[in-house]
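Listed here are the chains, written in short residue letters.
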Amino acid sequence: MAQFTGLKLYCGILIIGILFVPETKPLYAQAAAAETSVDTNTHISLKPYRTRIEIACDPESRLDEFERQQLHQKLSQIIERSVGEKWQLIEPGVPLQDAITGIFENRWLPLCTSIGLSRLQPEQILARYPSQPFEKLFLITIEPAGIGYRVSGREFDYYSQRLSPLSEKITYEKLFLAETTFDLLRDLFSSVISIETVEGELVTVSEQASQFPTPDPEVATVKINSFFLPFFRYLNRDREVKNIQIVPWTYLEIEKADRKHATCTVTSGLRGILAGSRRRVETLALHVQPRFQATELSLIPRGTSTQTYAGMKVQLSPLNPQEVRQLQIAAKKESEETRKPLKEPDYVTAEFLTNRSGSIVIDTDPEQPLIWLYIRSGKALVANVPYLPGIDSQISLQIPDDRIRLGVEGELAVLNGELIEAVAELSMKMSRIRRWAKSEDWDKVNTGIRQLESELSPRKNFLDKLNAIRISAVEAAQAQNNRTAQARIASLCRETGDRIDRFLSPTGIIDLKTEIQDLKQLSGNDRNR
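Just so we're clear, the structure is a prediction, and the values are computed from it rather than from any experiment. (Residues numbered from 1 in each chain as written. Predicted model: local features only at pLDDT ≥ 70, side-chain atom pairs only at ≥ 80, totals over all residues. Heavy atoms only, no water.)

Focus: helix H8 (residues 403-438)
- Along its 36 residues, H8 runs 52 Å from first to last C-alpha, staying within 8% of the 52 Å computed at 1.5 Å per residue.
- Buried within H8 we find Ile 404, Arg 405, Val 408, Leu 412, Leu 415, Asn 416, Leu 419, Ala 422, Val 423, Met 430, Ile 433 and Ala 437.
- In the segment just after H8, Glu 440 is the residue with positive phi, at about 60°. (Helix = DSSP H or I, 4+ residues; strand = E, 2+ residues; numbered from the N terminus. Expected span 1.5 Å × (residues − 1). Buried < 20%, exposed > 50% of the residue type's maximum accessible area, 1.4 Å probe, protein only.)

So this is what it looks like as structure tokens:
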């Protein structure tokens, strides 16, 4: 009986203990929570890249299960020997069957070839891994290539949600598949840096895992003169990412670096894009390098216009707009001092005209990786941006709709033609009156002057036409919210107005009458004396 009572007491305590045991999370959730706390409290230079590598073998490659496992093990050893702690392949405290990082066999790619990998989109990866428990995902495919093997790969970066272009390598020995795969991973890997301070064109950054030196110093390290593409990660109050925005036409170039920090210079077609504080915004940058031999650049209009910019002039130059402006000021000063015609400074290294679809092809130049693009419509400069050719196979640049300005230039050309005719006709009439005055035919002189004074003022007529052109064009530009077009229209109309005032000034007739009066006095036939 006593034993039965003790058993009841033990069971009651056990039940109470079970009821009050706190709720436990799965290992994956525990790992995610641990990583969240690390991300919040640990400097980015002390955070290793959580890395997941998935390898898909084409059935035609004829790699059996044992050979694939050998490939995974050998690749893991090479990574540990060359990269060290910078890439985290093993999650501490997480069983192998529940691990998210590491080297795995890919079983979800529909086509285990380079073609299938090239068709992959970031949305497919986000749908498969919605919580993103890693920073780097490398997708590798192995397929036969003649008597050898083609190893293809792409990198997916968690921070920017950017999928890298396809990269390929070929080996002719099955024994070297692991080494070839690692060489591909090394080329695909793109470092991530956090932008900490911005002072003008100088930026202080920190690279993720920079304080984990790699056994091989040539692997996964930030190098001087490498370029980074900045982007913003917008967070909500719960520190969840709601939006990611790549900063266009902006690049960071490493000038110097140490174990924790690096100094970069900013080259951007936008003003002050990285300056200023932003609440709940992470400012990061991703390493980019040319992977294509050339880039197709397409010019497209802003807004809803469907026009194509054919025949636009695209100039390439290593100089930024400030440097070009300094050259132009120096050339103007030299022209004024020497009294020689002004020469446009030679800063253009290449020049293209867009085809019917409004595109050109820019080749990659290893000697001058970063260039400036100067887009001109006629003589007007409509856009100037920096670009790194080769980081994309195709890219588009939105430029202001220039049709309004071109239309104004056409109407002003017609008006200037009419102005030339009017000035020529007025000069001819005044010359005829002077000829009559020299022959002392004063009746014809007086009749000619009265006709000039009785006619409508050609100056007022031309100014009215100019105002009609200007007002209609400015209203069209305001409807498109195109401030650039408004400024150019105002400048063009101002130049034409000055020309009208100069050639059709009413002082011309006054001076003619004074001249005729002097001739009458000299001839002694002044009728008003």
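Focus on the packing of aromatic side chains
- For the structure on display, the rule yields eight aromatic pairs.
- With 5.3 Å between their ring centres and 50° between their planes, Trp 87 and Phe 189 make a pair best called tilted. Of this pair, Trp 87 sits in strand S2 (residues 87-88) while Phe 189 sits in the loop between helix H6 (177-188) and strand S8 (192-199), and the two are 102 residues apart along the sequence. Taken as a pair, Trp 87 and Phe 189 share a single burial class, namely buried.
- Ring-pair connections join several aromatic residues into one group, and the members of that group are Tyr 49, Trp 87, Phe 138 and Phe 189.
- One cation-aromatic arrangement involves Arg 233 over Tyr 158; the distance from NZ or CZ to the ring centre is 5.3 Å. (Phe/Tyr/Trp six-rings, centres within 6.5 Å; stacked < 30°, edge-to-face > 60°. Lys NZ or Arg CZ within 6 Å of the ring centre and 35° of its normal.)

Overview of the nonpolar core
- Counting 35 residues, the largest nonpolar core has Ile 53, Ile 55, Ile 79, Trp 87 and Ile 142 as its most contacted members.
- A total of six residues in this core trace back to one element, the largest contributor, which is H6.
- Setting aside its immediate chain neighbours within four residues, Ile 53 contacts Leu 75, Ile 79, Leu 89, Gly 102, Ile 103, Phe 104, Phe 138, Ile 140 and Leu 185.
- In this structure, Leu 229, Tyr 309, Leu 316 and Val 382 belong to the second largest nonpolar core, which totals 26 residues. (Core = buried A, V, L, I, M, F, W, Y, C linked by side-chain atoms within 4.5 Å. Contact = heavy atoms within 4.5 Å.)

Considerations on the sheet that holds strand S15 (residues 294-301)
- Strand order in the open sheet formed by three strands is S18-S15-S21, and the pairing between neighbours is mixed. Every other strand in the sheet has two partners, leaving strand S18 (359-363) and strand S21 (394-399) as the edge strands with one partner each. Ignoring which end each strand starts from, the neighbouring axes of this sheet average 30° apart.
- By the bridge criterion, five bridges tie S15 to S18 in an arrangement that is antiparallel. By the bridge assignment, Glu 296 is partnered in S18 with Val 361. (Pairing = 2+ DSSP bridges. Axes fitted to C-alpha atoms, helices over the stretch in contact; angles between N-to-C directions.)

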